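Observations on chain architecture
Residues per chain are reported as follows:
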Amino acid sequence: MTWDRMTLALLASFGLVTLLLMQIGEVLSKLPPIIRAWRRVRDELSGGGRSEGRGEGEGGP
């Protein structure tokens, strides 16, 4: 293996690590809104949305 190939392999591996870390950071930054949205969906499905304005006795649609 020549020095050229070793240098290129080293640069490529660092580039790959950097790319993976950036992608992981993007996923982790979007995770809290996804969790909040899932909790809202779960609350609506379990009937928790009635206390926010449309109850059974309010004459809604």
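Going by the structure above, here's the rest.
Below: a short report on this structure. (Residues numbered from 1 in each chain as written. Predicted model: local features only at pLDDT ≥ 70, side-chain atom pairs only at ≥ 80, totals over all residues. Heavy atoms only, no water.)

Within the protein, the regular secondary structure consists of 1 helix and 0 strands. Buried residues in the protein amount to 2% of all 61 residues. In the structure as shown, the protein presents an accessible area of about 5900 Å², 64% of it carried by carbon and sulfur atoms. (Helix = DSSP H or I, 4+ residues; strand = E, 2+ residues; numbered from the N terminus. Buried < 20%, exposed > 50% of the residue type's maximum accessible area, 1.4 Å probe, protein only. Areas by Shrake-Rupley, 256 points an atom, 1.4 Å probe, with all protein chains shown as cover.)

Along the chain, Ser29 falls in helix α1 (residues 3-45). Note on Ser29: relative accessible area 49%, which makes it partly exposed. Engagement of the side chain of Ser29 in a polar contact is seen with the backbone oxygen of Glu26, the distance being 2.8 Å. (Polar contact = N/O pair within 3.5 Å; in protein donor to acceptor, adjacent residues only side chain to side chain.)

Turning to a nonpolar patch on the surface, a few remarks are in order. Together, Leu16, Val17, Leu19, Leu20, Leu21, Ile24, Leu28, Leu31, Ile34 and Ile35 make up a nonpolar patch on the protein surface, roughly 930 Å² of accessible area in all. Relative to the helices and strands, Leu16 resides in helix α1. Judged by its relative accessible area of 49%, Leu16 falls in the partly exposed class. (Patch = residues over 30% accessible without salt bridge, like charges linked within 9 Å, V, L, I, M, F, W, Y side chains within 5 Å. Salt bridge = Lys/Arg side-chain N within 4 Å of Asp/Glu carboxyl O.)

A few words on α1. Counted at 1.5 Å a residue, the expected span for α1 with its 43 residues is 63 Å, and the 61 Å between its end C-alpha atoms agrees. At Leu31, α1 shows its strongest bend, of approximately 35°, with the proline Pro32 following within four residues. Positive backbone phi, at 95°, marks Gly47, one or two positions downstream of α1. (Expected span 1.5 Å × (residues − 1). Bend = angle between axes of the 7 residues up to and from the residue.)

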